[in-house]
Amino acid sequence: MLKSVRDKQVKEELTQSLQELPVPASLLQFAKDVPDMAESLPAIPVGRPIRQRRRKARFTIAAACALAVVASVGAAQVSPTFANMVKGLPGFSGVLSWLDEVRGYDGVRNARSFGYEPAEPVVKQFGDVTIGISDVYLTGDKLSYKTFVKSDEIKKNAFKRDNGGWDADWRNTTEYLFHIVDFKEIRGGGSGGIIMSDDSTKEPINAGTHSFTLTPQQVQDFMNKNPKELRFSVSKVQPGQQNAEFLFEISVPFDKSQWREDLVVPLHQQVEVAGDPDLPSFTLDQVKITPTNTHLDVKIQQGANHYLEFRQTSDYEHKLEPYLTDDKGNKYRLNVDRVQKMYDSLAQPGDWDGNKMEFMSSPYFDPSVKRLTLHLNGFQLTEKTPSASFTLLPGEKLPKTVRFKDKQFTIVGTSYKKGYLWLKIKKDRPEDVRLGIQFGIPRDLGQAYQEKIENTPELKELYEPRPGVAIIDGVARSERPEDDYFEAGIRTPEQDSYEITMLRNANPIPLKKEITFEIRK
């Protein structure tokens, strides 16, 4: 349970904003965003059927289980090449095109180019159903894989959305859930959607991509058993039902002799951040090179009242995102930035303050690569709790200038409408879309008002999320580039005097540094 009203509000706002995101026309974005979604989710204990909220048209924070797929108990075909296994099967031409695109992001293309595929794919057919499991990769602390399903039922319920993407009416479709059998505790999840075949059959295929974090000890314990397979249990959920019913297991052949250990290089290198009021420095803790990806761990002060984000939102057009290059000129773009302890109350034992960054591809199989260079362009900093406040009186003379840490801003307008106190803040630069500050009300007042909302039908209806309206409570931003002001809507009861709290929110910190470290002698 969340331990503070702010944690609860932030999670509600995050959930709401995620639910407003439509499925992209290409499923490539699903594959790119799954790891970010997955790492913020809690561990899933073994043996408990998990049902995903099947809102196929939207990303949701409830993607805590693997993608639902249809499976069978028919005879399995096993082959080192998934393409050979599905060659000639109606509909799978679209899958192969999607696989080729996605593999450039998740590192599978790099690994397969060196012949590295220790877990062979599986395809099963049963009646009108064909399912596939492919790209199963186990590293020192992660298991990832992709799933596919084709059936008459999906074909019957498939339809095209306004944005050009395909979906299916899952209210009338039996759902099948994958669960990993060989590991007792996992963190992660998956997502997916419909790929329409580009062959003459126009067959819809339900495709998914999944990523689960394991502990190194879990992986070692698994290897000590000399495994010959990785096992997945399959459960089904009938339309209109909530409970999952276990059906059977699917085994993917696993060759322990082909498995490679990760290359881990300790760094413990401090990076100075000149002039920032909260973050004097952070530490590059270690680089980990796997057969699929290159990982970099960043640590900040333990117990810090802030967190960092190196992967940027669209507001900043990725201008601040870091990347890696090697001494042969190859470039490794940032794919995933897993923020550790974004919510303290959701932290797991062993979590630390900082980030786990994952870069596309890897120099694992090229021993001639001796050095990597990190190109740091900047990041964003967000505080977890307010660190300053000011008083605002309705009707007071404006403009009003307020100083907060290393910046100041000017309020040029205020109003109270439909349960929100609105601040209009002057822009210093036309191109800015966020002020980098989130406004609020004191915690005790916020708790009392939240209780009142829950017990007052009129207020509860007033703050009910509405389609197409995503108010991120208190975040000062500009909806239109041509506007010369930011706006922030603060959820609060109407008052004669307001104490307005402030915290840094997605505050961009440019940082031009190039740091080279050795990975091999």
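Residues numbered from 1 in each chain as written. Predicted model: local features only at pLDDT ≥ 70, side-chain atom pairs only at ≥ 80, totals over all residues. Heavy atoms only, no water.

For the protein chain, the helix and strand inventory stands at nine helices and 29 strands. Counting over 521 residues, the protein chain shows a buried share of 55%. A total of about 23900 Å² of accessible surface is found on the protein chain, and carbon and sulfur atoms cover 48% of it. (Helix = DSSP H or I, 4+ residues; strand = E, 2+ residues; numbered from the N terminus. Buried < 20%, exposed > 50% of the residue type's maximum accessible area, 1.4 Å probe, protein only. Areas by Shrake-Rupley, 256 points an atom, 1.4 Å probe, with all protein chains shown as cover.)

This paragraph deals with a positive patch on the surface. Together, Lys417, Lys418, Lys424 and Arg466 give the surface a local cluster of positive charge. Locating Lys418 in the fold gives a position in the loop between strand 23 (407-417) and strand 24 (420-426). Judged by its relative accessible area of 71%, Lys418 is exposed. (Patch = residues over 30% accessible without salt bridge, like charges linked within 9 Å, V, L, I, M, F, W, Y side chains within 5 Å. Salt bridge = Lys/Arg side-chain N within 4 Å of Asp/Glu carboxyl O. Lys, Arg positive; Asp, Glu negative; His and termini not counted. Charge placed at Lys NZ, Arg CZ, Asp CG, Glu CD.)

To continue, consider unusual backbone geometry. Following Leu398, the chain continues into Pro399 via a peptide bond in cis, with omega recorded as 10°. Tracing the sequence through the fold places Pro399 in the loop between strand 21 (388-392) and strand 22 (400-404). Residues other than glycine seldom take positive phi values, yet His268 does so here, at roughly 50°. For Ala506, which is not glycine, the phi torsion reads 50° and is therefore positive. Position of Ala506 among the secondary structure elements: in the loop between strand 28 (498-504) and strand 29 (507-518).

With that out of the way, let us pick up the pattern of salt bridges. For the structure on display, the rule yields 28 salt bridges. When the shortest N-O distance is used, the salt bridge between Asp366 and Lys328 registers 3.0 Å. Of this pair, Asp366 sits in the loop between strand 19 (354-359) and strand 20 (371-383) while Lys328 sits in the loop between strand 17 (323-326) and strand 18 (331-340), placing them 38 residues apart in sequence. Given a relative accessible area of 21%, Asp366 falls into the partly exposed group.

A few words now on the pairing of strand 4 (residues 129-138). With 10 of 10 residues buried, strand 4 is to be regarded as a mostly interior element. Two elements, strand 3 (residues 122-126) and strand 4, share five bridges in a ladder whose sense is antiparallel. Each residue of the ladder has a partner; that of Lys124, found in strand 4, is Ile131. Taking the residues between adjacent antiparallel strands as the criterion, strand 4 and strand 5 (residues 142-150) are bridged by three residues. (Pairing = 2+ DSSP bridges.)

It is worth spelling out the nonpolar core at this point. Formed by 69 residues in total, the largest nonpolar core has its most connected members in Leu138 and Phe282. If you tally residues by element for this core, the top one is strand 4, at six residues. (Core = buried A, V, L, I, M, F, W, Y, C linked by side-chain atoms within 4.5 Å.)

The subject of this paragraph is the confidence of the model for the protein chain. Any segment with low pLDDT has predicted coordinates that should not be analysed in fine detail. Looking at the protein chain, the pLDDT average stands at 81 and 82% of residues meet or exceed 70. In the model, residues 1-26 has pLDDT below 50 throughout and makes 69 contacts with residues more than four positions away in sequence or in other chains. A low-confidence stretch, residues 33-80 (pLDDT under 50), is modelled with 173 contacts involving residues beyond four sequence positions or located in other chains. (pLDDT = per-residue confidence, 0-100. Contact = heavy atoms within 4.5 Å.)

It is worth spelling out the side chain of Thr139 at this point. Examined against the element boundaries, Thr139 turns out to sit in the loop between strand 4 and strand 5. Overall, the relative accessible area of 6% leaves Thr139 in the buried class.

The subject of this paragraph is the side chain of Asp135. Along the chain, Asp135 turns up in strand 4. For Asp135, the side chain forms a polar contact with the side chain of Ser134, separated by 3.0 Å. A polar atom in the side chain of Asp135 sits 2.7 Å from the side chain of Lys146. Every residue in contact with Asp135, bar those within four places of it in the chain, is listed here: Leu99, Arg103, Val108, Glu117, Ser144, Tyr145 and Lys146. (Polar contact = N/O pair within 3.5 Å; in protein donor to acceptor, adjacent residues only side chain to side chain.)

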